Amino acid sequence: SGGLGHQYLNLYGFQQPYFLTGNTNGTENNMYMYFGAGGKFRRYFSWDGIGVFNFAGYSQNDFSIDGKVKFSSYPKGMPQGMHLTGKLHISQERPNFFFNNIHSNHYVWNNNFEKTTQTRIEGKLEIPDWKMELYAGYAMLKNNTYFDSLSVVRQNGESMNIFTAYMKKDFKLWKFHLDNKILFQTSSDEDVVPLPALALDLRYYFQFWLVKNVLNVQIGANAIYTSDYYAQGYSPALGVFYNQKTEKIGNTPYIDAFINMQWKRASIFVKYINAAQGWPDSDYFSAFRYIRSQ
């Protein structure tokens, strides 16, 4: 597949001359071309890729390339097979229009940021019959934008990298279900991209038929946990998250107890939020100075 595209942007951002001329909207246009291709060999191998290039407009000379390959095998005793997927993403893009231009009650800037480049490599192994999934990803960034502690947009002129890996495995012991997802992350520059080193998403429940073939019930709890880190704050004036170095949050599990019932075609769900409040402490912040429900 391939073709040409046109993107029309109608933008409003207050400027001082509007005091005399009245408010008006600005416009930007992008012209781009794209090409994609893909193929498949039975159920064992497939691939696809797409490239996009902007040749005119605000995003002139921006480009992105995405590719994916998938290998599948079906060993004996694994009817759903084993699937290994690899992805590659390469892009160079001009930062968002409002990262370059803004004039409001509290913030004013007129930037001419360099294009942001990103190279990302990902791999994932899926074994559905074992209810298991493994993932690893590595990203290299240059000139990525972020908001500093004063919520002012900045550009990181240095190269940096991010590594992410997770394991997802669901266990079943009789009628007990133990669904686990464990995430590991590292950032080479925490001042630009702060990340918790460890994050857990655990869902443990007991599932049974209260009325056979009529009412199925799950009773259990869902727990979310991150190691402590300098989590971002939120700026209502801009509607963005900004970096801060004032206080670390995390290292406290947030646990919801639930009852989930499937009654024929009806789903009934009841959840008791923050069921373990106070254990081991009460540091329940989802962002800097923003507390979760008690």
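Please refer to the structure higher up on the page.
Because the structure is predicted, anything quoted here is derived from the model rather than measured.

1. Some points on the overall build of the protein
Across its full length, the protein carries two helices and 21 strands. Expected size for 294 residues packed as a compact globule is a radius of gyration near 19 Å; at 24 Å, the protein overshoots this value by more than 25%. Projected onto its principal axes, the C-alpha coordinates of the protein cover approximately 75 × 55 × 40 Å. Counting all 294 residues of the protein, 29% fall into the buried class. Taking all contacts inside the protein whose residues are at least 6 apart in sequence as the whole, residues at least 24 apart take part in 49%. For the protein, the exposed surface amounts to about 18,300 Å²; the carbon and sulfur share of it is 57%.

2. Considering unusual backbone geometry
With an omega of -10°, the peptide bond between W279 and P280 qualifies as cis. Secondary-structure assignment places P280 in the loop between strand 19 (266–272) and strand 20 (285–287). Of note, K131 is a non-glycine position whose phi angle comes to about 50°, a positive value. Relative to the helices and strands, K131 resides in the loop between strand 8 (116–127) and strand 9 (132–142). Exposure remark for K131: the relative accessible area of 45% places this residue in the partly exposed category. One non-glycine residue, N213, lies in the positive phi region at around 60°. Looking at where N213 falls in the secondary structure, it is placed in the loop between strand 14 (198–211) and strand 15 (215–226).

3. Digging into the pairing of strand 14
Note that strand 13 (residues 176–187) and strand 14 share nine bridges and pair antiparallel. By the bridge assignment, N180 is partnered in strand 14 with L202. Pairing analysis gives 12 bridges linking strand 14 to strand 15, with the strands arranged antiparallel. Bridge pairing in strand 15 places V211 opposite L215. Remark: three residues form the turn of the hairpin made by strand 14 and strand 15, two consecutive strands paired antiparallel; N213 in that turn has positive phi of roughly 60°.

4. Topic: the side chain of N243
Looking at where N243 falls in the secondary structure, it is placed in the loop between strand 17 (240–242) and strand 18 (254–263). The exposure class assigned to N243 is buried, which follows from its relative accessible area of 7%. A distance of 2.8 Å separates a polar atom in the side chain of N243 from a polar atom in the side chain of Q232. Setting aside its immediate chain neighbours within four residues, N243 contacts Y146, F147, D148, S149, D191, V192, P194 and Q232.

5. Quick look at the pattern of salt bridges
Oppositely charged side chains are able to pair whenever their charged atoms sit close together. With the rule as written, the count across this model stands at five salt bridges. Between D191 and K245 there is a salt bridge, and its shortest N-O distance comes to 3.2 Å. Taken as a pair, D191 in the loop between strand 13 and strand 14 and K245 in the loop between strand 17 and strand 18 lie far apart in primary sequence, 54 residues in all. Across the pair K271 and D256 runs a salt bridge, and its minimum N-O distance is 3.9 Å. Of the two residues, K271 sits in strand 19 while D256 sits in strand 18, which places them 15 residues apart along the sequence.

6. Some thoughts on the pairing of strand 2 (residues 26–41)
Summarising the sheet, strand 1 (residues 2–11) and strand 2 pair through 10 bridges and their orientation is antiparallel. From the neighbouring strand, G5 faces strand 2, where its bridge partner is Y32. Looking at chain direction, strand 2 and strand 3 (residues 45–57) are connected through 12 bridges and run antiparallel. In the sheet register, M31 faces strand 3, and the bridge partner there is A56. Hairpin connection from strand 2 to strand 3: three residues lie between these consecutive antiparallel strands, with R42 at a positive phi of about 50°.

7. Quick notes on a nonpolar patch on the surface
On the surface, L4, M31, M33, F53 and F55 cluster together into a nonpolar patch covering about 440 Å² of accessible area. Listed by contribution, the elements that provide at least two residues to the nonpolar patch are strand 2 and strand 3. Examined against the element boundaries, M33 turns out to sit in strand 2. A residue is classified by how much of its surface remains accessible, and M33, at 38% relative accessible area, is partly exposed.

8. Quick look at the side chain of H177
Inspection of the secondary structure assignment puts H177 in strand 13. Residue H177 is classed as buried on the basis of its relative accessible area, which comes to 10%. Those residues in contact with H177 that lie beyond four places of it in its chain are F171, K172, R203, Y204, Y205 and Q207.

9. Section: the nonpolar core
In terms of nonpolar packing, the biggest core is built from eight residues, these being Y107, W109, F113, F147, V153, V240, Y242 and F288. Listed in part, the five residues of the second largest apolar core include L141, I162, V192 and L195.

Reading guide: rules and limits
Residues numbered from 1 in each chain as written. Predicted model: local features only at pLDDT ≥ 70, side-chain atom pairs only at ≥ 80, totals over all residues. Heavy atoms only, no water. Helix = DSSP H or I, 4+ residues; strand = E, 2+ residues; numbered from the N terminus. Rg over C-alpha atoms; globule rule 2.2 N^0.38 Å. Buried < 20%, exposed > 50% of the residue type's maximum accessible area, 1.4 Å probe, protein only. Contact = heavy atoms within 4.5 Å. Areas by Shrake-Rupley, 256 points an atom, 1.4 Å probe, with all protein chains shown as cover. Pairing = 2+ DSSP bridges. Polar contact = N/O pair within 3.5 Å; in protein donor to acceptor, adjacent residues only side chain to side chain. Salt bridge = Lys/Arg side-chain N within 4 Å of Asp/Glu carboxyl O. Patch = residues over 30% accessible without salt bridge, like charges linked within 9 Å, V, L, I, M, F, W, Y side chains within 5 Å. Core = buried A, V, L, I, M, F, W, Y, C linked by side-chain atoms within 4.5 Å.

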